[in-house]
Amino acid sequence: MVEPVACLCEVTRRRGDALAVEDLSLEIGPAETVALLGPNGAGKTTTLELMLGLVRPDRGLVRVLGTAPGTAIARGAIGAMLQEGGLPARAGVAELVDLVRGLYPRPLALGDVLVLCDLGELAERRVEALSGGERQRVRLALAVAGGPELLVLDEPTAAMDVAARLSFWKRSADYVSGGRSLVFATHRLEEAEAVADRIVMLSRGRVVADASPEELKASIGVRARVGFFRDRVPLELVERLPAVDRVEVVEGRVTLQTFDPDRTLRALLELVPELDGLEVNGPRLEEAFLALTEGQSG
Amino acid sequence: MLAYVRLEILRQLRNRQALLFRIALPAAMFVLFRTLLVEDTRSAGLPPDADAMVVFAVFGALFSGLFASGPPLATERAIGWLRQLRVTPLPPGSAVAGKVAAAMAFALPSVALVLIAAAVTQGIRFGMDQWAVLLALLWLAAAPFVALGVLIGLAVTDPESAQSAASLSLILLWVLGGMVTEPSDLPAVFETLAHGLPTNGAAELGWASVREDAMPGSAIAVVGAWTAGTAALTTLAWHRLAGPR
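Reading the values: rules and limits
Residues numbered from 1 in each chain as written. Chains lettered and ligands numbered in written order. Predicted model: local features only at pLDDT ≥ 70, side-chain atom pairs only at ≥ 80, totals over all residues. Helix = DSSP H or I, 4+ residues; strand = E, 2+ residues; numbered from the N terminus. Rg over C-alpha atoms; globule rule 2.2 N^0.38 Å. Buried ≥ 20, exposed ≤ 12 C-beta atoms within 10 Å, placed from the backbone. Contact = placed C-beta atoms within 7 Å. Pairing = 2+ DSSP bridges. Axes fitted to C-alpha atoms, helices over the stretch in contact; angles between N-to-C directions. Parallel < 35°, antiparallel > 145°, perpendicular 65-115°, else oblique. Left-handed = near helix turned anticlockwise from the far one by under 90°. Nonpolar A, V, L, I, M, F, W, Y, C, P; charged D, E, K, R; others polar. Core = buried A, V, L, I, M, F, W, Y, C linked by C-beta atoms within 7 Å. Expected span 1.5 Å × (residues − 1). Right-handed = clockwise from strand over helix to strand, strands pointing away. Arc of directions from axis to C-beta. pLDDT = per-residue confidence, 0-100.

(A) Structural detail: the overall build of chain B. In terms of regular secondary structure, chain B is built from 11 helices and 0 strands. Taken over C-alpha atoms, the radius of gyration comes to 18 Å for chain B, in line with the 18 Å a tight globule of 245 residues would show. If one aligns the C-alpha atoms of chain B with their principal axes, the spans along those axes are about 55 × 40 × 30 Å. Split into buried and exposed, the 245 residues of chain B put 46% on the buried side. A sequence separation of at least 24 residues applies to 79% of the contacts in chain B between residues at least 6 apart.

The following block contains the structure:
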């Protein structure tokens, strides 16, 4: 068996009176990109903080690269972007990146970090003169500067617009593409789906699912949707189309839920070639997530 | 670690306004007070100007020591920079050590400028070696002020409170340390208190040096005890703050 890059073994951690994580077990393998997905308060940040040695488990064991998190950090094996992480005033971008590089045993070259995080033109800029998106890029640069094997990102794109988010994830993926591991927290389903090989869904401090995005959708049996205008459509025939599970009609629009959108759509267009307002949506992870977390409550 | 201290100092050097205040204010105050209040109330057995010079040099050490360490540290804590450093291989405590080093570095010009101002405007003349000893003494006496500043930065939760706490410490140590009124003119309780404060201890060391007397053991003990005490509390506060929660 390959040794995991990070593992939490039956970890419980209290926060005040509540349990932030409860009996949580999780392994991050080499070269894996894992999303911790869950609503606020699900225990994502605590899980990452346990991995970083910022928080101690009340029960259970946390190991990173076969050692305690603090030791792994001292060895330069981890780079992290925390949820809150201001940059010290009056420091220059390259200066800060270089400072952090100097702390690690096998850092990336300064130029490589600046290119990776698109900071070439900002190298001489002071941190207080940066925009929000630029600051996040600097923070990513600080996380990767030391060339760590494990990159930990806690909701890194929370304040970014769509374009910034896409390029941020591209840069992070570039960094780990050489066989490094990435674990990140997010509450955005589409982000987890697009970026991660594996999604670990958390709810109330417990793992409620741990699988690839495709497996997750399949295992929950969520359906794709095919929608169109109702005009001239024989509803009684539509119900009998292949793979259709449910038919809803709301304000002149029909929505079919299907477990095989290809088959349903072909048959539908054969039946009603002049169909208007057609819309097809893939199965939504959101439904999988709701199904899983609802199963937890009550 | 050295790179960290270097960046600390560079960052403080770039804060021109704050730096100017910390370095120039004590000297400016000395010149102002000596010009306005020529009549001296002290009787330490030395030229009054040299006496006041020591008092304002202690002010320089106190002001610079407290304000170059505490409030910036509180700010970096508040914005999460210290936490970010904790997830790098930087040895724990380096952030604090960096602040101590930077604050000590900036206390030196604060003290030196008062001595220079005294020499230039009041015509005080000592031999070079005496100046050097005096500067070194008053500079080292900034250590408990720096440690106290760091303690404030670690113990107080937000930057504004850290500013207030540093200001309060400045005023209390200055007034109660007998830097405004001769300790012997204070009520008995306050006189005893004054002799136990590091401001008075630092000034006594300075006066002894100016007079070329032996260093008073009591003043060395007071400054030493304050340095050790605040350093110990600072270490404690740091461990409470920096260990895993």
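(B) Just the sheet that holds strand E4 (residues 59-64) of chain A, in detail. All names here are of chain A. Across the sheet, which stays open at both edges, the 3 strands sit in the order E2-E1-E4 with antiparallel pairing between neighbours. Every interior strand has two partners, whereas the edge strands, strand E2 (18-28) and E4, have only one. Strand-to-strand twist of the sheet, defined as the mean angle between neighbouring strand axes without regard to direction, takes the value 25°. Here strand E1 (residues 6-15) runs beside E2; their pairing, made up of 7 bridges, is antiparallel. Within the sheet, the bridge partner assigned to Arg-13 lies in E2 and is Val-21.

(C) Looking closely at the packing of helix H7 (residues 143-155) of chain B against helix H8 (residues 159-176) of chain B. Residues and elements named next belong to chain B. One way to put it is that H7 packs onto H8 with a least axis distance of 9 Å and a crossing angle of 150°. Regarding the angle of H7 to H8, the classification is roughly antiparallel. Pair H7 / H8 crosses with right-handed handedness. Facing Leu-148, Gly-149, Ile-152 and Gly-153 of H7, the residues of H8 in contact are Ala-162, Ala-165, Ala-166 and Ser-169. Residues of the contact of H7 with H8, tallied by class, amount to 5 nonpolar, 3 polar and no charged.

(D) How the structure looks around the interface of chain A and chain B. Listed per partner, the contact involves 28 residues of chain A and 19 residues of chain B. When residues of the side of chain A that touches chain B are traced back to their parent elements, those giving at least two are helix H2 (69-74), strand E5 (78-81) and helix H3 (93-101) of chain A. Of the residues in the side of chain A that touches chain B, the class split is 17 nonpolar, 6 polar and 5 charged.

(E) Highlighting the packing of helix H3 (residues 48-78) of chain B against H8 of chain B. Residues and elements named next belong to chain B. For the pair H3 and H8, interaxial distance at closest approach is 8 Å and the crossing angle is 160°. With respect to H8, the axis of H3 lies roughly antiparallel. For H3 against H8, the interelement crossing comes out right-handed. Facing H3, whose interface residues are Phe-59, Leu-62, Phe-63, Leu-66, Phe-67, Gly-70, Pro-71, Ala-74, Thr-75 and Ala-78, H8 presents Pro-159, Ala-162, Gln-163, Ala-166, Ser-169, Leu-170, Leu-173 and Trp-174. Looking at the contact of H3 with H8 residue by residue, the classes come out as 14 nonpolar, 4 polar and no charged.

(F) Representation of the nonpolar core in the model. Counting 152 residues, the largest nonpolar core has Val-58, Ala-61 and Val-114 of chain B as the members making the most contacts within it. Beyond its immediate stretch of four places on either side in the chain, Val-58 of chain B contacts Leu-138, Ala-141, Met-179, Thr-199, Ala-202, Ala-203 and Gly-206 of chain B. Counting residues in hydrophobic clusters, the runner-up holds 9 residues, among them Val-226, Val-254, Leu-256 and Leu-265 of chain A.

(G) The pairing of strand E3 (residues 33-37) of chain A, seen in detail. All names here are of chain A. Most of E3 sits inside the fold, with 5 of its 5 residues counted as buried. The alternating pattern of E3 places Thr-33, Ala-35 and Leu-37 on one face and Val-34 and Leu-36 on the opposite face, and all of these are buried. Bridge analysis of E3 against strand E8 (residues 198-203) gives 4 bridges, and the strand direction is parallel. Paired with Leu-36 across the strands is Val-200, a residue of E8.

(H) Fine view of H8 of chain B. Residue and element names in this part refer to chain B. The end-to-end C-alpha separation of H8 is 25 Å, in line with the 26 Å expected for 18 residues at 1.5 Å each. On its buried face, H8 is in contact with H3, H7 and helix H10 (198-211). One or two steps after H8, the chain reaches Gly-178, where phi turns positive at roughly 75°.

(I) Geometry of the pairing of strand E6 (residues 150-154) of chain A. All names here are of chain A. The buried fraction of E6 is high, at 5 of 5 residues. The side-chain alternation of E6 yields two buried faces, one formed by Leu-150, Val-152 and Asp-154 and the other by Leu-151 and Leu-153. Pairing analysis gives 5 bridges linking E6 to strand E7 (residues 181-186), with the strands arranged parallel. Looking at the pairing, Leu-150 lines up with Ser-181 of E7. Regarding the hand of the β-α-β motif, the stretch spanning E6, helix H6 (residues 162-176) and E7 is right-handed.

(J) Region of interest: helix H1 (residues 2-14) of chain B. Residues and elements named next belong to chain B. A rise of 1.5 Å per residue sets the reference length of H1, with its 13 residues, at 18 Å; its end C-alpha atoms lie 18 Å apart and thus fit the reference within 8%. Buried within H1 we find Tyr-4, Leu-7, Glu-8 and Gln-12. Taken down its axis, H1 places every buried residue within 135° of arc, on the same side.

(K) Just the confidence of the model for chain B, in detail. All names here are of chain B. When pLDDT is averaged along chain B, the result is 87, and 94% of the positions lie at 70 or above. In the model, residues 41-45 has pLDDT below 50 throughout and makes 7 contacts with residues more than four positions away in sequence or in other chains. Interface confidence for the predicted complex, expressed as ipTM, amounts to 0.82; the pTM equals 0.82.

(L) Local environment of the environment of Ala-80 of chain A. With respect to the helices, strands and loops of the structure, Ala-80 of chain A is situated in strand E5. Spatially, the C-alpha atoms of Ala-80 of chain A and Leu-182 of chain A are 9.8 Å apart, while their sequence positions differ by 102 residues. Look past the residues within four positions of Ala-80 of chain A in its chain and what remains in contact with it is Leu-52, Ala-143 and Val-152 of chain A together with Val-87 of chain B.

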